[in-house]
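# Residue-level structural notes
This is what each chain is made of:
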Amino acid sequence: SGNIIPKLPGKFDLIFIDHWKDLYKKDLILIEKNNLLKPGSIIFADNVGPIFGNEDYLLYVRNNEKFISRNIATSIEYSSAEDAVEISSYQG
């Protein structure tokens, strides 16, 4: 099927997402399905500003009762271009 199944034991306190932007939502769902989050786990998604096109990820974490999310405006490193990070807390 092409899916990579995580083999790490336990659950994570912090997940930092900063890779292919179109995979943010898919990978978070895979993390959830593999039971790698616990209540209070933090998901920090970098580069979710308007130029990156992560609307599907943002809609997912913002409209899902399993997450409480906060968006923080930033700029792209070494420039003044608008960017943001989304910090979500998993509620279980």
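Right, let's walk through the structure included here. (Residues numbered from 1 in each chain as written. Predicted model: local features only at pLDDT ≥ 70, side-chain atom pairs only at ≥ 80, totals over all residues. Heavy atoms only, no water.)

## Some points on the overall build of the protein chain
To keep things clear, this is the line we draw: Where helices and strands are cited, they refer to DSSP runs of H or I of at least four residues and of E of at least two residues respectively, numbered from the N terminus. Only the C-alpha atoms count toward the radius of gyration. The rule for a globule is 2.2 Å times the residue count to the power 0.38. The cut-offs for exposure are 20% and 50% of the maximum accessible area for each residue type, with area from a 1.4 Å probe on protein chains only; residues under the lower value are buried, those over the upper are exposed, and the others partly exposed. When checking whether two residues touch, look at their non-hydrogen atoms; a contact exists if any pair is within 4.5 Å. We count Lys and Arg on the positive side and Asp and Glu on the negative side, and we leave His and both chain ends out. The atoms used to mark charge sites are NZ of Lys, CZ of Arg, CG of Asp and CD of Glu.
The helix and strand inventory of the protein chain stands at two helices and four strands. Helices and strands appear in the protein chain in the N-to-C order β-α-β-α-β-β. Rg of the C-alpha trace for the protein chain: 13 Å, near the compact-globule value of 12 Å for 92 residues, within the 12% margin. Overall, the protein chain is about 40 × 30 × 20 Å in size when its C-alpha atoms are taken along their principal axes. Taking all 92 residues of the protein chain together, 34% fall into the buried category. Once local pairs closer than 6 in sequence are excluded, the contacts in the protein chain between residues at least 24 apart make up 64%. Here the protein chain holds 10 positive side-chain charges and 13 negative ones, and the gap between their average locations is 9 Å.

## Some words on the side chain of E86
What counts is decided by this rule: Polar contact criterion, stated in full: a pair of N or O atoms within 3.5 Å, where within protein one must be able to donate a hydrogen and the other to accept it, and residues adjacent in sequence count only if both atoms are side-chain atoms.
Looking at the secondary structure, you find E86 in strand β4 (residues 82-90). Given the relative accessible area of 1%, E86 is considered buried. At 2.7 Å, the side chain of E86 forms a polar contact with the side chain of N71. In contact with E86, not counting residues within four places along its chain, are I43, F44, A45, V48, Y57, L58, V61, R62, S69, R70 and N71.

## Re the pairing of strand β3 (residues 67-75)
Short version of the rule: What makes two strands pair is DSSP finding at least two bridges between them.
Inspection of the sheet shows β3 paired to β4 by nine bridges, in the antiparallel sense. Residue pairing for β4: S75 is matched across the bridge by E82. Taking the residues between adjacent antiparallel strands as the criterion, β3 and β4 are bridged by six residues, where Y78 takes a positive phi near 65 degrees.

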